[in-house]
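What follows is each chain in one-letter form.
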Amino acid sequence: MISANDLTPAELAALLHFHVEAGAEWLLEEEAVDRFAEFEVMKATRQGARAVQPRVEVAPPATPPAVQAERRQAAQPTASAMPPRNAPAIPDEQAIEQARFAAESARSLSELKTALEAFNGCNLKNSARSTIFASGTAEGRIMVIGPMPSADDDREGTPFAGRTGQLLDKMLAAIGLQRDGILLTNIIPWRPPGNRAPSAPEIEICRPFIERQIALAEPKALLLLGNFTARHFFESNETIHGLRGQWREVTISGRPISAIASLHPQELLTAPINKRLAWNDLLMFKSRFDAELSV
């Protein structure tokens, strides 16, 4: 044990402050005190006092009838004070049909954005701060699609924000592309709480909106980033390492579109050694979209 004599004044003051914060109310006394025995004596004294004192019943004063009526009326909750009831949940099948109708009714990307922002059939919207829609331009005829918004996306209201977006900008610049010259978007427009994976019903509710984005943008080539995105469009259970680097065709609204999958920038931040794989995918993508856009 360290003696108080071995402590500096500053150390001693800090130690005393610690004990006060911990709830200590007294210091050590000259002689040991049995606090448990003191407590038993105090308890016995209180019990004896209660046994000796007679119990006197005192009737409360009578309350006038008018006052009683006012109290009863005040105790009843008014309609405005009643807690609001939760809106009835929309069945998944009905929500999917509503999403299809809203998406197919849009005749432009701006109309689709308005329809998506007004759509309330997906529970993910209730916990998200922002509705993330495509950014950039469709005139480049190139779409880069990710899985779902990150915390940075949700905070800034745009796809591929934060460090992930900065790395993506560098990747695109390496093959001669700029963010404002292509279209960037996500499959899921709302960030799931805690970055969890979206459920199957949530994916199906969001599907009409991403497919309508692609149909309206009419891209010549798709760059699909991440495991979730590749599985969604290629309808496969393989991992991104089994799906990346291979050109495939995806059909959207009856129109085939060339697509290639690669690693998501977040995966490259986690495992930088995979950047060489992503670079090979980007070179393949550049070669194909150069040929597609030249037609």
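Residues numbered from 1 in each chain as written. Predicted model: local features only at pLDDT ≥ 70, side-chain atom pairs only at ≥ 80, totals over all residues. Heavy atoms only, no water.

A look at the pairing of strand β4 (residues 221-225)
- β4 sits mainly inside the fold: 5 of its 5 residues count as buried.
- Neither face of β4 is left uncovered, since the one carrying A221, L223 and L225 and the one carrying L222 and L224 both have all their residues buried.
- As defined by bridge partners, strand β2 (residues 142-146) adjoins β4 across 4 bridges and the pair is classed as parallel. Across the sheet, I145 pairs through a bridge with L224, a residue of β4.
- Both β4 and strand β6 (residues 255-262) contribute to a ladder of 5 bridges, which runs parallel. If you follow L222 over to β6, its bridge partner there is A259. (Buried < 20%, exposed > 50% of the residue type's maximum accessible area, 1.4 Å probe, protein only. Helix = DSSP H or I, 4+ residues; strand = E, 2+ residues; numbered from the N terminus. Pairing = 2+ DSSP bridges.)

Re the side chain of T229
- Position of T229 relative to the elements: it lies in helix α10 (residues 227-234).
- According to the relative accessible area criterion, T229 is buried, its value standing at 0%.

Regarding the packing of helix α9 (residues 200-217) against α10
- Running from N to C, α9 and α10 cross one another at 80°; their axes reach a closest spacing of 13 Å. Our classification of the angle between α9 and α10 gives roughly perpendicular. Contacts between α9 and α10 involve I203, R207, I210 and I214 from the first element and F228, H232 and F233 from the second.
- For the contact of α9 with α10, the residue count by class is 5 nonpolar, 1 polar and 1 charged. (Axes fitted to C-alpha atoms, helices over the stretch in contact; angles between N-to-C directions. Parallel < 35°, antiparallel > 145°, perpendicular 65-115°, else oblique. Contact = heavy atoms within 4.5 Å. Nonpolar A, V, L, I, M, F, W, Y, C, P; charged D, E, K, R; others polar.)

Focus on the sheet that holds β2
- Strand order in the open sheet made by the 6 strands is β1-β3-β2-β4-β6-β5, with mixed pairing throughout. Unpaired on one side and paired on the other, β1 (135-136) and β5 (248-252) mark the two borders of the sheet.
- Along the sheet face, α9 touches β2, β3 (183-186), β4, β5 and β6 and points at about 170° away from the line of β2.

Digging into the pattern of salt bridges
- In total, this model carries 8 salt bridges according to the counting rule given.
- Across the salt bridge formed by R207 and E211, the nearest N and O atoms sit 3.8 Å from each other. Taken as a pair, R207 and E211 lie in helix α9 at a separation of 4 residues, close to a single helical turn.
- For R207, a relative accessible area of 22% gives the class partly exposed.
- Judged by its relative accessible area of 29%, E211 is partly exposed.
- Residue R244 is joined to D281 by a salt bridge in which the shortest nitrogen-to-oxygen separation is 2.8 Å. Taken together, the residues span a long stretch of sequence, with R244 in the loop between α11 (240-243) and β5 and D281 in helix α13 (residues 275-294) at a distance of 37 residues.
- Each member of the salt-bridge network shares a partner with another, and the members are E204, R207 and E211. (Salt bridge = Lys/Arg side-chain N within 4 Å of Asp/Glu carboxyl O.)

Everything listed is a geometric property; what it means functionally is a separate question.
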